Amino acid sequence: MDWKDALPNIVTQPSSRLRFGEPLARHTYFGIGGEATAYIEISTVSELAALARFHKQWDVPIAVIGRGSNLLVSDTGFKGIGVRLVGELAKLEVDGNVVSVGAGLSLPRLSKAMSRRGLSGVEFALGIPGSVGGALIMNAGAWGSSFGDVVTNVAVMNDAGEVIELTHAEANFEYRHSGLNTYFCVTGATLRLEPGDVETITERMQTFYKQKVETQPFAEENAGCMFKNPPGDSAGRLIDISGLKGCRIGGAEVSTVHGNFILNIDNATATDVLNLVAYIQQQVQEKTGISLQTEVKRLGFD
Ligand SMILES: Cc1cc2nc3c(=O)[nH]c(=O)nc-3n(C[C@H](O)[C@H](O)[C@H](O)COP(=O)(O)OP(=O)(O)OC[C@H]3O[C@@H](n4cnc5c(N)ncnc54)[C@H](O)[C@@H]3O)c2cc1C
């Protein structure tokens, strides 16, 4: 029996969905990428646990895709199962200033819901179009704040389908990085936010958002910052002084608004993007002596 024949047994809830040959370009902000062999929107912890065991039993590659806002998928796609967390895996529960969030919840939704309740700490997240899971994996952040700062615990699932509670320290949050990618999946987190005034928090959230829209490209498809900022410097500044803004390979172009964004302006392929990444790295190294490291994750490349 092939794993593809056994997979439908995992998806038991009407709110969960399974599709074969799903174009991943539909599920990434870059709008780039070939097909995943299978794609599941999974809505319960018990189905996710069954999928973890399935992964182990059949040795089939599985990739959790949050909102695909920090992801470059190969032109040849992903020979495995792409998973998106929905339903009870995207829950939001508030008890005073302690907030329990599912990994599938969107960050902008979390940010808006918290401002309405007068809870401060995630105002920076309105302009980050990822999921809570992606934000935990990446320790996403902006304006001097990072998601890990407000996290007290993280729930992860192992290959046996068991949910494990990690402390903040065990999550190993660093700049745009965490130690969470060693688990099968991140399922959620507990946050501790600061009670405050609804109007002040909402204004702060909107000010951050406005500044972001004014300084970063939002109209064209992209995956956020392509490179990590080197210590004490900004990748965007280095790309700018290297004269690379507007530089284009195939359908991929360095934004003229912010040098650290690569845009899909004309049916770019993943190969176009990677060729442009390599060219930027080589030029910045030559002109400034600094080696840029990519922030965007890759899926489906050997
Ligand atoms: C316009 C734009 C602006 C952006 N601005 C910012 C910004 O200001 N600051 C910032 O930090 N980032 C920014 N980003 C990048 C991106 O939004 C963040 O990195 C975000 O946290 C990624 O979340 P995601 O759900 O989209 O993750 P994805 O891109 O779907 O995945 C990223 C990685 O996390 C893994 N992953 C996702 N969810 C899970 C899970 N539940 N369990 C295990 N692994 C998982 C994926 O497998 C992948 O390796 C921006 C992106 C865009 C497009």
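Here the structure is a predicted model, which means the values were calculated and not measured. Sequence order as written defines residue numbering, which begins from 1 separately in each chain. Since the coordinates come from a predicted model, pLDDT governs what is reported: local features require at least 70, and pairs of side-chain atoms require 80 or more to be given and counted, while whole-chain, interface and lining totals use all residues. Excluding hydrogens and water, the side-chain values take into account all heavy atoms of the structure.

Undergrad: I keep staring at the overall build of the protein chain and nothing clicks. Help me out?
TA: A count of helices and strands for the protein chain gives seven helices and 19 strands. The C-alpha radius of gyration of the protein chain comes to 20 Å, within 12% of the 19 Å expected for a compact globule of 302 residues. Along the first, second and third principal axes, the C-alpha set of the protein chain runs to 55 × 55 × 30 Å. When the 302 residues of the protein chain are sorted by exposure, 51% land in the buried category. We call two residues contacting when some pair of their heavy atoms lies within 4.5 Å. At a minimum sequence separation of 6, the contacts of the protein chain that also span at least 24 residues come to 64%. A helix here means a DSSP run of H or I that spans at least four residues, while a strand means a run of E at least two residues long, and both kinds are numbered starting from the N terminus. Note on method: radius of gyration uses C-alpha positions; expected globular size equals 2.2 Å times residues raised to 0.38. When accessible area is computed with a 1.4 Å probe and restricted to protein chains, residues below 20% of their type maximum are described as buried, those above 50% as exposed, and intermediate ones as partly exposed.

Undergrad: Explanation requested: a positive patch on the surface in the structure shown.
TA: Patch definition: residues with relative accessible area over 30% and no salt bridge; like charges joined within 9 Å; nonpolar side chains (Val, Leu, Ile, Met, Phe, Trp, Tyr) joined within 5 Å. Surface accessibility in these figures is a Shrake-Rupley result with a 1.4 Å probe; residues are shielded only by whichever protein chains are displayed. Any carboxyl oxygen of Asp or Glu that lies within 4 Å of a side-chain nitrogen of Lys or Arg is treated as forming a salt bridge with it. Asp and Glu count as negative and Lys and Arg as positive, but His and the ends of the chain are not part of the count. Think of each charge as sitting on NZ of Lys, CZ of Arg, CG of Asp or CD of Glu. Where like charges cluster on the molecular surface, the positive patch consists of Arg-109, Lys-112, Arg-116 and Arg-117. Tracing the chain through its elements places Arg-109 in helix α3 (residues 107-116). On the basis of relative accessible area, Arg-109 is assigned to the exposed category, the value being 53%.

Undergrad: Explain the pairing of strand β5 (residues 78-85) to me, please; I cannot follow it from the model alone.
TA: For a regular strand, the rule is simple: side chains alternate between the two faces of the sheet. Burial of β5 is extensive: six of the eight residues sit out of reach of the surface. By definition, two strands form a pair when at least two bridges between them are found by DSSP. In this structure, strand β2 (residues 35-42) lies alongside β5, joined through six bridges in parallel fashion. Each bridged residue has a counterpart across the sheet, and for Glu-41 the counterpart in β5 is Arg-84. Across three bridges, strand β3 (residues 62-64) lies against β5 in parallel orientation. Counted as the bridge partner of Val-64 is Val-83 from β5.

Undergrad: How should I be thinking about the pairing of strand β7 (residues 98-102) in this particular structure?
TA: Among the five residues that make up β7, four are buried, leaving the element largely enclosed by the rest of the structure. In this structure, the hairpin formed by strand β6 (residues 92-95) and β7 is closed by a connection of two residues, where Gly-96 is found at a positive phi of approximately 65°. The pairing of β7 with strand β13 (residues 185-192) spans five bridges and is classified as antiparallel. Paired with Ser-100 across the two strands is Thr-190, which belongs to β13.

Undergrad: Teacher, can you tell me more about the layout of surface pockets here?
TA: A water-sized probe rolled over the atoms picks out the places where empty space is left. Cavity: a set of points on a 1 Å grid over the protein atoms alone where a 1.4 Å probe fits but cannot get out. Pocket: an open set with protein on both sides within 12 Å along at least five of seven lines, its lining residues, like those of a cavity, having an atom within 4 Å of a point. Grid points are joined across faces, edges and corners, and a volume is the space filled by probe spheres set on the points. In this structure, the second largest pocket spans a volume of roughly 180 Å³. Looking at the second largest pocket, it is lined by 14 residues, and the ones nearest its centre are Lys-91, Val-101, Ala-155, Thr-187 and Gly-188. Listed by contribution, the elements that provide at least two residues to the lining of the second largest pocket are β7, β12 (163-167) and β13. With four residues, β13 is the single largest residue contributor to the lining of the second largest pocket. Residue polarity follows a fixed list, in which Ala, Val, Leu, Ile, Met, Phe, Trp, Tyr, Cys and Pro are nonpolar, Asp, Glu, Lys and Arg are charged, and the others, Gly among them, are polar. In terms of residue class, the lining of the second largest pocket is made up of six nonpolar, five polar and three charged.

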